Amino acid sequence: MSSSRTFEDKQPQRRASSGFEFLKGVGQVTGGTLLSITMLASSIVAGGLVGLAISFRNLPDVRQLRNFFPSETTYIYDVKGKLLTSIHGEANREVVPLDRISPNLKRAVLASEDSHFYDHHGINPVGVGRAVVVNAVAGGVKEGGSTVTMQLVKNLFLSRKRAFTRKLAEAVLAIRLEQILNKDQILEMYLNQVYWGHNNYGVQTAARSYFNKSAEYLSLGESAMMAGLIQAPEEFSPFVSMKLAKQKQKEVLGRMLELNWINQSEYDDALKQEIKLGRIKSFQGSALPYVTNTVAQELAKKFGRETLLKGGMRVQTTVDANFQMMAEETVTKWHKLLLEQGLSKNQMALVAIDPRTHFIKALVGGIDSKTSEFNRATQSQRQPGSSFKPFVYYTAFASGKYTPDSTVLDAPVSYRDGNGWYFPRNYDGTFRGEMAIRTAVAQSRNIPVIKIGKAVGMNRVIETCRTLGIMSPMEPVSSLPLGAIGVTPLEMASAYATFANYGWQSPPTVIARVTDSSGNVLLDNTPKPQLVLDPWASAAIIDVMRSVISEGTGKGAAIGRPAAGKTGTTSSEKDIWFVGTVPQLTTAVWVGRDDSRQLADHATGGVMVAPIWKDFMEKALKNVPVENFKPTSQFSRPKSQ
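These figures come from a predicted structure and were not determined experimentally.

Thresholds applied
- Residues numbered from 1 in each chain as written.
- Predicted model: local features only at pLDDT ≥ 70, side-chain atom pairs only at ≥ 80, totals over all residues.
- Heavy atoms only, no water.
- Helix = DSSP H or I, 4+ residues; strand = E, 2+ residues; numbered from the N terminus.
- Contact = heavy atoms within 4.5 Å.
- Areas by Shrake-Rupley, 256 points an atom, 1.4 Å probe, with all protein chains shown as cover.
- Pairing = 2+ DSSP bridges.
- Salt bridge = Lys/Arg side-chain N within 4 Å of Asp/Glu carboxyl O.
- Buried < 20%, exposed > 50% of the residue type's maximum accessible area, 1.4 Å probe, protein only.
- Axes fitted to C-alpha atoms, helices over the stretch in contact; angles between N-to-C directions.
- Phe/Tyr/Trp six-rings, centres within 6.5 Å; stacked < 30°, edge-to-face > 60°.

Novice: For this particular structure, what's the right way to read the overall build of the protein?
Specialist: In terms of helices and strands, the protein carries 22 helices and 19 strands. For the protein, restricting intrachain contacts to residue pairs at least 6 apart in sequence, the fraction spanning at least 24 positions comes to 72%. Just so you have it, the protein exposes about 27,400 Å², and 51% of that area is on carbon and sulfur atoms.

Novice: Please clarify how the pairing of strand S2 (residues 83-87) should be interpreted in this entry.
Specialist: As a general feature of sheets, a regular strand has side chains that alternate between the two faces. Relative to S2, strand S1 (residues 74-77) runs antiparallel, the two sharing 4 bridges. Paired with Ile-76 across the two strands is Thr-85, which belongs to S2. The turn joining S1 and S2, which pair antiparallel and follow one another in sequence, is formed by 5 residues; a positive phi near 95° is taken by Gly-81.

Novice: Please explain the pattern of salt bridges as it appears in this structure.
Specialist: Between side chains of opposite charge, a pair can form when the charged atoms approach closely. If you walk through the whole model with that rule in mind, you get 19 salt bridges. Residue Glu-178 is joined to Lys-183 by a salt bridge in which the shortest nitrogen-to-oxygen separation is 2.9 Å. Per residue, the accessibility class of Glu-178 equals that of Lys-183, and both read buried. The shortest N-O distance in the salt bridge between Asp-615 and Lys-333 comes to 2.9 Å. Here Asp-615, found in helix H22 (residues 605-620), pairs with Lys-333, found in helix H15 (residues 321-340); they are 282 residues apart in sequence, far enough to count as distant. Linked through salt bridges whose partners overlap, the residues forming this network are Glu-72, Glu-94, Arg-208 and Arg-314.

Novice: Where do I start with the sheet that holds strand S6 (residues 314-317) in this structure?
Specialist: Paired through their backbone hydrogen bonds, the strands of a sheet run either parallel or antiparallel. Taken together, 5 strands build an open sheet; the order of strands is S2-S1-S6-S14-S15 and the sheet is mixed. Looking at which strands have only one partner, the edges of the open sheet turn out to be S2 and strand S15 (521-524). In this sheet, neighbouring strand axes are inclined to one another by 15° on average, regardless of whether the strands run parallel or antiparallel. Sheet topology places strand S14 (residues 511-515) next to S15; 3 bridges connect them, and they run antiparallel. By the bridge assignment, Thr-515 is partnered in S15 with Val-521.

Novice: What should I look at first to understand the packing of aromatic side chains in this one?
Specialist: The geometry of an aromatic ring pair is captured by the separation of the ring centres together with the interplanar angle, meaning the angle of the planes. Per the stated rule, a full pass over the model turns up 13 aromatic pairs. Where Tyr-195 meets Tyr-201, the ring centres are 4.8 Å apart and the plane angle is 45°; that geometry is what we call tilted. We classify Tyr-201 as buried; its relative accessible area is 14%. Relative to Phe-239, the ring of Tyr-210 has its centre 5.3 Å away and its plane inclined at 20°; by these criteria the two rings are stacked.

Novice: I tried to follow the sheet that holds strand S5 (residues 200-201) on my own but got confused; where do I start?
Specialist: The 3 strands lie next to each other as S3-S5-S4, forming an open sheet whose pairing is mixed. At either end of the open sheet lies a strand with only one pairing partner, and these are strand S3 (92-93) and strand S4 (195-197). Examined bridge by bridge, S3 and S5 share 2 bridges and lie parallel to one another. Within S5, the position partnered with Asn-92 by the bridge is Asn-200.

Novice: Teacher, can you tell me more about unusual backbone geometry here?
Specialist: Glycine aside, residues mostly have negative phi angles, and peptide bonds mostly take the trans form. In the Ramachandran plot, Lys-345 falls in the positive-phi region, its phi being about 55° despite a non-glycine side chain. Residue placement: Lys-345 occurs in the loop between H15 and strand S7 (347-354). Even without being a glycine, Ser-596 presents a positive backbone phi close to 60°. The exposure class assigned to Ser-596 is partly exposed, which follows from its relative accessible area of 32%.

And the structure:
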């Protein structure tokens, strides 16, 4: 096959020289005459380009390629290094150095595209001259004289407009490029830049897609087949036609044999080699879309969308893929069970966080990511109901005026709110008189928490929420302690995790570490916890919430080890929750409907969500040692403010 590519214009728009005009008028040309004319044309082209290099002053400055970084695919992995997904713009590319590309592929590409690559200075005058003659005789563009360097500058700088002047511009830029980069640098850039079909840019993604291996390990047969793709990747793709792919492979191997770059035995063996195809990977979805979509949002916020799509980042998440799958399976299982219990059209979300690091360990944003990618764990703001109450009681404990054993009167009360009166009531409609805060929390009484909220000040409750990362709009109204605001399951899990870590907090994240493709660290989320809450008050609210599970509304969440948590049910049964923790893991589970309609009469967090939390936590903690919470006695109680 020809060692050069074809011109891309159908009819020259300009006359390059009187030599080109003369050649265009030639009819039939003999082989000897063709050789002579080719040499003449080569001289004309080579000499003419020197002048053209001076006149093409408005061409791009190739010196910028010294600092050129091609767009690269971003890869997202789980905490153990398992690939979850790749994110890219138009170009799916992973850049590799030249010494990690198979010598077979380098030789195959050069044999196919530019066998004189290491001898010329950007253009091959003989190849260009031959192309001029062939095109002149044909009365149109049939053959080109592009070198690898010319192809590279075309791909990087020039439009794909089919014009003879563009071909001259390629030549000028190629000469300039060879003056600032050495041959190996140019070949490395070319092999990482060229398009190989099926949205694969560069040798590495192409090798992984076509043959499921790194470019470093491509055999001679595989290399020849890949080299044959360059001129028309989708047409000669083995995924499209193995017959055509084998035909191009044979042409490339024949050219290598002709050049004495391989011997007859290597040629024969390569043709006989069985080709084991990989699979097209460029447009595959994510293995864990709720996780990877959250990662993508964090990356875009931190680095910008352009860097996310083209920056070639390597992202280690905080999530173990097997753990995440277990969480998703738990949600799927309980969705079906709740349907059987009459909760039609129910949706669910689950977030699990390590309170010691605030690393997200599982994040499930719905019952099925295939039917809805809307992430209810991070994007859906729902009323937390009584699971909001610990924020009020923590504020009371932090004030120094209350302890878990302080008493409050559960009796009818009314408050002036705006232009009207507010008459709060308990979920069961009864009043039970004086009780300890511990009991009020365990039984999820409404009147006591409103009274405590009023006593410490609703604005201070809001301050606590802000410190815990809950940023929804809040007004210091009397109903605030009952959770009349919107929160996400992620916010709730993170807030409870801060309690479980005795007031120490790091920003919750699903990203552990980000590097560029060369291994340089771009983001290191090693936890740097800060003390944001009072430790004694945090330990006190954990102690109180243990009573919820041992003797209160959350008995269904008992897991046979020390655990603390709180049920949550809104007044109209639109949202039901259980948020709970052990020292090593905090988990929030929400159930509701996307249309915010009632789930069912008497659908409560204690009856319907606590068992889901229990099921998940028992699986999650299967091989985790039992650990007790620190008692309040280990901390100094705050002085009364």
